[in-house]
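Residues per chain, in single letters:
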Amino acid sequence: MRTSHVDASHAFLHGPSYLMGVGGEALDKPSIEFRFPPAWSKLSTGMKDISEERSKFIYEANNYDELIDSPVEIGCHETDGFEFKGIPHHIASYGELYPHKQKLKEDMKKVVESVAKHFNDDLPYDQYLFITHFVPKLFGGLEHLNSTALQFDGRKLNTRKDYLNYLSLVGHEYFHLWNVKRIRPDALGPFDYVNENYTSLLWLAEGMTSFMDDLFVYRAEISTLEEYLEIVKGNFDSYFGTPGRNYHSLEQSSFNAWIKLYRPDENSKNSSVSYYLKGGLVFTVLHSLLLEKGKSINDLLMLLWKDYKARPEKGISKEGVYDLVKELGGEEVLNKFSTMIETTEEIDFESAFLKMGCEFRWQETNAPWLGVEWEYSGDRAIVKGVTLDGPAYKAGLNTGDEVTYLNGLRFFKEDTERFATIAMIDQPYELIVTRLGKLQRVEITPAKAPRFLREIAIVDRALAEKSFKF
Ligand SMILES: [Zn+2]
């Protein structure tokens, strides 16, 4: 979705990768004509169709930014759509879908309605287009002013959990037409196309969106509260499994996106945290703090939208966002919020959820644990990553080490999988590993595995529903 792709079956054209600009020229109403083989019958884009006859495909944008912000799908893809508030919402689907029983179009419309009501149905476009590439193993999306390009594995739609994930992706990218394409950090538009654009505000752009996306699906009455909380629990699993949260604040994570999130390495989990992941959880806490003041995330969205409409040509600064949070929740809420954005202080998630009628249920375990993430080459066990301060980390096991013997006996992939049944806590073991072609001896002592979050349980259903519903 971030580049163009042309093959015998279709073309997906992503503006910045094929439409070069001429230094600094904004262009006034540029138009573009597409010519393609007659076997390809369709073209889908958010640009305005100005063709005078159907045999031609000529489109127009208001300026260069909008021209390159309009992806184009050409080929024999499936097209469909629906109207909402009298505005056409087109659907263009390329690729294979396995048979499924979902009401895809109806549910997409419900998600669109669910997102739009957060902005009082103020739809700032006259048509919208969802392009999805249904391709095995792909997942992701990219937002545009009046369209989005999504990637999803079309074999998975029949599985409830994956289907909800697709709808959440639809909601995520569609919501971006407000938050990111219009309400935006000041560095993100108008763009400097020549240099990298730095911002410390991606917690607003992606964090808030990550909080809202699954919530939209619940608020559309497609997922249940239990399903929603199960997804949130999954996010906490990732968060608590990321020691880097103690070293990288949300602001730093945003600013370093160019060299961290988009260039992950074996130590990423130990040294950084995703602004999507932590940002989403921080906005959950902010929502809870605002609820206590008789407000909610809904009020913040409306204030951000009002702020954008007052000066659409300029993005928002951190101080601008903070002012709005303060307007809603006062100094105390702002202090708690800014601490979560600017520092790595541990966050009291449990209190925030308790105030919304939900309780964290933890599970202790007595399983021996090494803190190793494995990868395999045939049945050979190779260290893919080690958890900061875990037993493997303390023993000096490195990424890339191939573990060949445990206490003198040959060690294979299957032994990593049944490690909990063959090893003991607090008992030293000798590992023989191959590191850069040389044998090494490593003494390692398995520890008790960390407790894990079993579920986020609803303890006061009425309160929980009131807290998470629109
Ligand atoms: Zn996003």
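Model, not experiment: these values are computed from the prediction.

Explanation requested: the packing of helix H6 (residues 225-240) against helix H9 (residues 277-292) in the structure shown.
Helix packing geometry: the angle between the two helix axes and the distance between the axes. Running from N to C, H6 and H9 cross one another at 125°; their axes reach a closest spacing of 10 Å. Classified by the interaxial angle, the pair formed by H6 and H9 is oblique. Here the hand of the crossing between H6 and H9 comes out left-handed. Facing Asn 235, Phe 236, Ser 238 and Tyr 239 of H6, the residues of H9 in contact are Leu 277, Lys 278 and Leu 281. Of the residues assigned to the contact of H6 with H9, the class counts are four nonpolar, two polar and one charged.

Got a minute to help me understand the pattern of salt bridges in this structure?
Oppositely charged side chains are able to pair whenever their charged atoms sit close together. Using the criterion set out here, one finds 29 salt bridges in the structure. Between Asp 307 and Arg 311 there is a salt bridge whose closest N-O contact spans 2.7 Å. Exposure remark for Arg 311: the relative accessible area of 25% places this residue in the partly exposed category. Here Glu 402 and Arg 380 are joined by a salt bridge, their closest N and O atoms 3.0 Å apart. One end of the pair, Glu 402, is in strand S17 (residues 402-406); the other, Arg 380, is in strand S16 (residues 380-386), and 22 residues separate them in sequence. By relative accessible area, Arg 380 is classed as partly exposed at 37%.

Just to check I follow, could you spell out the domain arrangement of the protein for this structure?
How big an interface is tends to be stated in terms of the accessible area lost upon association of its parts. In terms of domains, the protein is made up of domain 1 (5-175), domain 2 (202-361 + 454-468) and domain 3 (368-448). On a C-alpha basis, the centroid separation for the pair domain 1 and domain 3 is 47 Å.

Any chance you could explain the packing of aromatic side chains here in plain terms?
For any pair of aromatic rings, the description rests on two quantities: the centre-to-centre distance and the angle between the ring planes. Inspection of the entire model under this criterion finds 38 aromatic pairs. Judged by centre distance (6.2 Å) and plane angle (75°), the ring pair of Tyr 322 and Phe 337 falls under edge-to-face. Accessibility classification places Tyr 322 together with Phe 337 in one group, the buried group. Chaining the aromatic ring pairs together yields one cluster made of Phe 119, Tyr 125, Tyr 128, Phe 130, Tyr 174, Phe 175, Trp 178, Phe 216, Trp 305 and Tyr 308.

Conventions we followed
Residues numbered from 1 in each chain as written. Predicted model: local features only at pLDDT ≥ 70, side-chain atom pairs only at ≥ 80, totals over all residues. Heavy atoms only, no water. Axes fitted to C-alpha atoms, helices over the stretch in contact; angles between N-to-C directions. Helix = DSSP H or I, 4+ residues; strand = E, 2+ residues; numbered from the N terminus. Parallel < 35°, antiparallel > 145°, perpendicular 65-115°, else oblique. Left-handed = near helix turned anticlockwise from the far one by under 90°. Contact = heavy atoms within 4.5 Å. Nonpolar A, V, L, I, M, F, W, Y, C, P; charged D, E, K, R; others polar. Salt bridge = Lys/Arg side-chain N within 4 Å of Asp/Glu carboxyl O. Buried < 20%, exposed > 50% of the residue type's maximum accessible area, 1.4 Å probe, protein only. Domains from an automatic or database assignment. Phe/Tyr/Trp six-rings, centres within 6.5 Å; stacked < 30°, edge-to-face > 60°.

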